[in-house]
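Chain and residue survey
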Amino acid sequence: RYRSRRTTHFRMAERYGIIVTLKVKEGKMEELLELSKGHFLRQHDGREPNATLASIVMPLPDDPNTIRYFEQWVSKEDYELHSNHENLQFFFGKAGPLLDDAPVIVEAPMIHFTK
């Protein structure tokens, strides 16, 4: 009988997060991607305490002008601080003219797993 020696250790935590969908004007995706990278680097360099995770979901072939973000904080209160943070205001000041429509934001409590 086979018995694995590998033990999987993981952590589980309650978090709060958002999924953001952005429609980008034709020809402006590369510019928005660069602004997005800068935004998330600033978000996680200590300026936004308790920001725990951010991912850029790249455009799909059948929807090349749509980008999505997956972002996470320790709590809803931390997310609310982000909503009014100068980093977000700076980002939308630069990114706003590149967007075709208002962002669609879904926010919710999360159960986060890490290995």
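Residues numbered from 1 in each chain as written. Predicted model: local features only at pLDDT ≥ 70, side-chain atom pairs only at ≥ 80, totals over all residues. Heavy atoms only, no water.

1. With respect to the sheet that holds strand β1 (residues 11–23)
Backbone-to-backbone hydrogen bonds pair the strands of a sheet. The strands run either parallel or antiparallel. Pairing in this open sheet of four strands is antiparallel, and the strands run β2-β3-β1-β4 from one edge to the other. Strands at the two margins of the open sheet, each flanked by one partner only, are β2 (51–57) and β4 (104–114). Averaged over all neighbouring strand pairs, the angle between strand axes comes to 25°, with direction disregarded. Two elements, β1 and strand β3 (residues 66–73), share eight bridges in a ladder whose sense is antiparallel. The residue of β3 that forms the bridge with Tyr16 is Trp73. (Pairing = 2+ DSSP bridges. Helix = DSSP H or I, 4+ residues; strand = E, 2+ residues; numbered from the N terminus. Axes fitted to C-alpha atoms, helices over the stretch in contact; angles between N-to-C directions.)

2. Topic: the packing of aromatic side chains
Scanning all chains against the criterion turns up six aromatic pairs. Both rings, one in Tyr69 and one in Phe91, keep their centres 6.4 Å apart while their planes meet at 65°; by these two values the pair is edge-to-face. Of this pair, Tyr69 sits in strand β3 while Phe91 sits in helix α3 (residues 86–95), placing them 22 residues apart in sequence. Here Tyr69 falls in the buried class, since its relative accessible area comes to 3%. Looking at Phe91, the relative accessible area reads 3%, which means it is buried. Between Phe91 and Phe92, the aromatic rings sit 5.1 Å apart at their centres with planes inclined by 65°, giving edge-to-face as the arrangement. In this structure an aromatic cluster arises from ring pairing among Phe40, Tyr69, Phe91 and Phe92. (Phe/Tyr/Trp six-rings, centres within 6.5 Å; stacked < 30°, edge-to-face > 60°. Buried < 20%, exposed > 50% of the residue type's maximum accessible area, 1.4 Å probe, protein only.)

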